[in-house]
Amino acid sequence: MKNMFSPQPACIDLGMMWAHALWTLLLLCKFSLAVLPAKPENISCVFYYEENFTCTWSPEKEASYTWYKVKRTYSYGYKSDICPSDNSTRGNHTSCSFLPPTITNPDNYTIQVEAQNADGIIKSDITHWSLDAITKIEPPEIFSVKPVLGVKRMVQIKWIRPVLAPVSSTLKYTLRFKTVNSAYWMEVNFTKEDIDRDETYNLTGLQAFTEYVIALRCATKESMFWSGWSQEKMGTTEEEAPHGLDLWRVLRPATVDGRRLVQLMWKKASGAPVLEKALGYNIWYFPENSTNLTKTLNTTNEKLELYLGGKTYWVCVVSYNSLGESPVATLRIPAINEKSFQCIEAMQACLTQDQLVVEWRSSAPAVDTWMVEWFPDLDSEPSTFSWESVSQATNWTINQDELKPFWCYNISVYPVLQDRVGKPFSIQAYVREGIPSAGPVTQVDNIGVKTVTITWKEIPKSQRNGFITNYTIFYQAEDGKEFSKTVNSNILQYDLESLTRKTSYSLQVMASTSAGGINGTTINFKTLSISILEIFLITSLVGGGLLILIILSVAYGLKKPNRLKHLCWPDVPNPAESSIATWRGDDFKDKINLKESDDPVNMEEDRVLKPYSFPRDLIDKLVVNFENFLEDVSTEELGKGQENILREEKNEYVTSPYRPYCPLISTEIPQRKSQQLCSRIPEGICLETTEQLLSFVPNLGPDRICEEGEPNPYLKNSVTTREFLTSEKLPEQTKKLLLDTGVSRESIGSKAETSPVHVAKAWRCLHLAAEKGVGETPREEVLKSTKPAVSKPQMVSQGSLGAPTADFVFRSGILFLSNFTTYVG
């Protein structure tokens, strides 16, 4: 019994159960990882007449390799076959074609597509097809497009019926056409039931003398598929009389004589044939209500200039060709003083893709016709204008291709009410903007200490390439930070402030449009170290101080006139009043004190020379007293001269204009001259004079001899010489006497001489004149002959304290002798 219930069989059953579970799990994983192909959908079939029957479906691509089978039933369900996709004549993986002779027409087909991959097979739904409904034939072939003689605005199209088309079927056609320059096609549909080889169709409603482009396609009447378009063919309609004209004018300002220039312009009316040509134009014009003053002109151009008066005129224009004339185009030219109406309130321009659109708002609902005028805004007067009439709308559109990029256009809209033209409303527009071609030309003005004025010129219109939105000024100091200022486009001048004194700057101005900006020329400038205002203030202060000083000086002079006079013009001693010959010792001092105590009121009277007779021995006394005076003066001046020499040895020698250089003069008198002189003078006089001269000369040192040019410190404004009026023609007796005494005319110069030799010569002349018995001469004659040739202010410095110079003494002697000789003779 125990053997029957052993545990071994139980273990075997448990292992088998685990094996079955693992196997079942593997099968479930396999089925869960399997990916079937997508179900074929969107099945479409086309019957290419007498070529093939082709079906297509989707999806076009699969994640894994998939192959297809197309099952077909035909002959109304009695036959079936399979078209593998590998045999597709079009080579498309998702299409399949059935080829003749298995294609029958008419017939009904059923199509089912089967997709298969490594994981399984999936089938599409069954579709049904009628061959008449899916037949597609070849396009027709157009062989001519021509106008019909005598029929206006029509062309006749001829083509060949497609060869691969059902003979008994009615074909339907679609004809499309357009003008050569147009981008829009127009279509006409019609059917042809005949089975003729050549087909024709008359296309009407066209424009006269216009070239058209024609294309054609066809299909069977029951089919949903059209053939492709035929090749395009062009043809031209027959010419006829001109269609009409659009007339416009440009009014210029009136001249002085009241006449004004009117520029007439016309063109073919909108809708006129493209190929329309006119042989010429007839123009006539006349004042309003005065048709009898009509003037007629003829031209082949499309514009004409007329000089009209200030009245209202009417202008008429017609075009003509070989077939006739166009309708008359009329235009009213208003009078100069006529006021035009205005109804346009606002206008704007905007760009939409490839077009420029101009819109405006009107306040007059009765106005429904507008004339749009546009021309490029250039620096010079435009030579051509463009215009177009707009009706029943308040907007105007133009293709961007008709306008030049980077050009600014002036666009004006004129309201037209019947025959009157109102005031225009104008704007400017670009179809495309760019960066300016050149920057602004800049210059610097009014440079100050911390400010400067920057001015620049507008960029020429032809170089702007867009609307200038703003100007930016960039300026930078040497080795400094760059700064910028932005101003509006209507500003052409700007004052920079807060600059640094006496600093160099570089500056540029950039002009910007919506597309970008460009810099102008670079200029350099340097701020001032001092401003004009500061210079003016300093000058004003200095000038004011000087003015106050002058006012004070004048006031002081008015208050104390004598003191100011002595400061400016000091009194100078009059040498004519000198009595130096009698000044000795204490008498000299008494004379000085006496002179200082003189009454200034009687000074002028003392200066007047009065007649006085002198004794015969006056000359002898003058000689003796003057020689004694010279000895005293020479002794005193010798000590001063030695001090000056010692003082000058310490310093560098400089020649003073007041003390000219004088060489040492020899104190020896040549013996020959002495003998010569004494031979002509009595013996006693000659010996006495020679002894006095020899005893006088050694007492005068070189310093004393050269002191003639030394100015008197008391007479700072005086000259160092004194001139006398002398006769240019001396009497013969005087000349002989001068030769006898050894005196030459050269020694009588304007330059003062201080040599003792000249002094001796002068007094010897006087002695000789006295010895020869010249006679008594009245004192007033002598004084008159020795009258100084200088004015009162030019008083002469005569050595120390008015002592007479040798020149004075010598000239006095010569003049004395000359006058005495003249008086006696």
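Draft legend 1. Spotlight on the overall build of the chain. Looking only at helices and strands, the chain has 14 helices and 40 strands in total. Per-residue burial for the chain yields a buried fraction of 36% across its 825 residues. A separation of at least 24 residues holds for 67% of the contacts in the chain among residues at least 6 apart in sequence. In the form shown here, the chain has an accessible surface area of approximately 50,200 Å², with 54% of it arising from carbon and sulfur atoms.

Draft legend 2. Summary view of the state of the cysteines. The full count for this structure, using the stated rule, is two disulfides. Disulfide pairing places C45 opposite C55 at an S-S distance of 2.0 Å. Here C45 and C55 share a disulfide; its torsion about the S-S bond, 110°, makes the bridge right-handed. Of the two residues, C45 is situated in strand β1 (residues 41–48) and C55 in strand β2 (residues 52–58); the sequence distance between them amounts to 10 residues. In this model C83 forms its disulfide with C96; the gap between the sulfur atoms is 1.7 Å. Given an S-S torsion of about -100°, the disulfide between C83 and C96 has left-handed geometry. With a gap of 13 residues between them, C83 in strand β4 (residues 79–84) and C96 in strand β5 (residues 95–98) connect regions that are remote in the sequence. With relative accessibility at 0%, the residue C96 sits in the buried group.

Draft legend 3. Region of the structure containing the pattern of salt bridges. Scanning the model with the defined rule gives 13 salt bridges in all. One salt bridge connects E345 with R361, and the closest N-O pair in it is separated by 3.2 Å. Residue E345 is located in strand β25 (residues 344–352), and its partner R361 is located in strand β26 (residues 355–362); the two are separated by 16 residues in the primary sequence. Judged by relative accessible area, which is 45%, E345 ranks as partly exposed. On the basis of relative accessible area, R361 is assigned to the partly exposed category, the value being 47%. Between D377 and K461 there is a salt bridge, with the nearest N and O atoms lying 3.1 Å from each other. One end of the pair, D377, is in the loop between β27 (369–376) and β28 (386–391); the other, K461, is in helix α2 (residues 461–464), and 84 residues separate them in sequence.

Draft legend 4. The arrangement of the sheet that holds strand β14 (residues 198–203) in detail. Spatial ordering of the open sheet is given by β10-β11-β14, a layout of three strands whose pairing is antiparallel. Each edge of the open sheet is held by one strand with a lone partner, namely β10 (141–147) and β14. When strand polarity is set aside, the average angle formed by the axes of neighbouring strands in this sheet is 20°. Sheet topology note: the β10/strand β11 (residues 155–160) ladder contains six bridges and is antiparallel. Paired with K146 across the bridge in β11 is Q156.

Draft legend 5. Molecular detail of unusual backbone geometry. The peptide bond linking P100 to P101 adopts the cis configuration, its omega dihedral lying at 10°. Residue placement: P101 occurs in the loop between β5 and β6 (108–117). The omega torsion of the bond from N105 to P106 falls at 0°, within 30 degrees of zero and hence cis. Structurally, P106 is set in the loop between β5 and β6.

Draft legend 6. Seen up close, the sheet that holds β26. Spatially, the three strands line up as an open sheet ordered β25-β26-β29, and their pairing is antiparallel. If you trace the sheet from one side to the other, it starts and ends with β25 and β29 (395–399), each paired once. Across the sheet, the mean angle separating the axes of adjacent strands is 15° when strand polarity is ignored. Strand direction decides the pairing type here: β25 and β26, joined by eight bridges, are antiparallel. What sits directly across from A349, in β26, is V358.

Draft legend 7. Highlighting the environment of P287. Its location among the elements puts P287 in strand β19 (residues 280–287). Counting along the chain gives 25 residues from P287 to T312, while the straight-line C-alpha distance between them is 5.8 Å. Contact partners of P287, with chain neighbours within four places excluded, come to L293, T312 and Y313.

Draft legend 8. Focus on the confidence of the model for the chain. On average, residues of the chain score 74 in pLDDT, and 64% of them are at 70 or above. Below a pLDDT of 50 lies the segment residues 591–612, which in the model reaches 16 contacts outside its immediate sequence neighbourhood of four places, other chains included. Contacts from residues 820–825, a stretch scored under 50 in pLDDT, to residues over four places away or in other chains number 14 contacts.

Draft legend 9. The packing of aromatic side chains, seen in detail. Overall, the coordinates contain 19 aromatic pairs when judged by the stated rule. Ring plane angle 55° and centroid distance 5.9 Å describe the contact between W159 and F190, whose orientation is recorded as tilted. Residue W159 is found in strand β11, and its partner F190 is found in strand β13 (residues 186–192); the two are separated by 31 residues along the sequence. Taken individually, W159 and F190 each receive the classification buried, so the pair is uniform in this respect. With centroids separated by 5.5 Å and ring planes inclined at 15°, the aromatic side chains of Y505 and F525 adopt a geometry described as stacked.

Draft legend 10. Structural context of the nonpolar core. Counting residues in each nonpolar core, the largest one holds 39 residues, and the members touching the most others are F53, I111, I157 and I214. Sequence-distant contacts of I111, that is, excluding residues within four places in its chain, are made with I43, C45, F53, C55, V70, K71, R72, F98, D125, I126, T127 and W129.

Draft legend 11. Molecular detail of the side chain of T135. Of note, T135 is situated in strand β9 (residues 135–136). Residue classification places T135 among the buried positions, given a relative accessible area of 3%. Of note is the side chain of T135, whose polar atom sits 2.4 Å from the backbone oxygen of L131. Setting aside residues no more than four positions away along its own chain, T135 makes contact with F47, Y49, T220, S223 and F225.

Draft legend 12. Structural view of the side chain of D107. With respect to the helices and strands, the residue D107 is situated in the loop between β5 and β6. Buried D107, no salt bridge; nearest opposite-charge side chain is R72, N-O distance 6.9 Å. Dropping the residues within four chain positions of it, D107 is found in contact with Y74, S75, Y76, W129, S130 and L131.

Draft legend 13. Here's a closer look at the environment of P405. On the secondary structure map, P405 appears in the loop between β29 and β30 (409–417). Residues P405 and G466, 61 residues apart in the sequence, show an inter-C-alpha distance of 9.4 Å. Beyond its immediate sequence surroundings of up to four residues, P405 is in contact with V431 and R432.

Draft legend 14. Seen up close, the environment of Y201. The topology assignment puts Y201 in strand β14. According to the relative accessible area criterion, Y201 is partly exposed, its value standing at 21%. Through-space distance from the C-alpha of Y201 to that of F190 is 9.2 Å; in sequence the pair is 11 residues apart. When near neighbours in sequence (up to four residues on either side) are disregarded, Y201 contacts V155, Q156, I157, W159, L175, V188 and F190.

Draft legend 15. Examining a negative patch on the surface more closely. A cluster of like negative charges, contributed by E193, D194, D196 and D198, occupies part of the molecular surface. If you trace the backbone, D196 turns up in the loop between β13 and β14.

Scoring rules and cut-offs
Residues numbered from 1 in each chain as written. Predicted model: local features only at pLDDT ≥ 70, side-chain atom pairs only at ≥ 80, totals over all residues. Heavy atoms only, no water. Helix = DSSP H or I, 4+ residues; strand = E, 2+ residues; numbered from the N terminus. Buried < 20%, exposed > 50% of the residue type's maximum accessible area, 1.4 Å probe, protein only. Contact = heavy atoms within 4.5 Å. Areas by Shrake-Rupley, 256 points an atom, 1.4 Å probe, with all protein chains shown as cover. Disulfide = S-S within 2.5 Å. Salt bridge = Lys/Arg side-chain N within 4 Å of Asp/Glu carboxyl O. Pairing = 2+ DSSP bridges. Axes fitted to C-alpha atoms, helices over the stretch in contact; angles between N-to-C directions. pLDDT = per-residue confidence, 0-100. Phe/Tyr/Trp six-rings, centres within 6.5 Å; stacked < 30°, edge-to-face > 60°. Core = buried A, V, L, I, M, F, W, Y, C linked by side-chain atoms within 4.5 Å. Polar contact = N/O pair within 3.5 Å; in protein donor to acceptor, adjacent residues only side chain to side chain. Lys, Arg positive; Asp, Glu negative; His and termini not counted. Patch = residues over 30% accessible without salt bridge, like charges linked within 9 Å, V, L, I, M, F, W, Y side chains within 5 Å. Charge placed at Lys NZ, Arg CZ, Asp CG, Glu CD.

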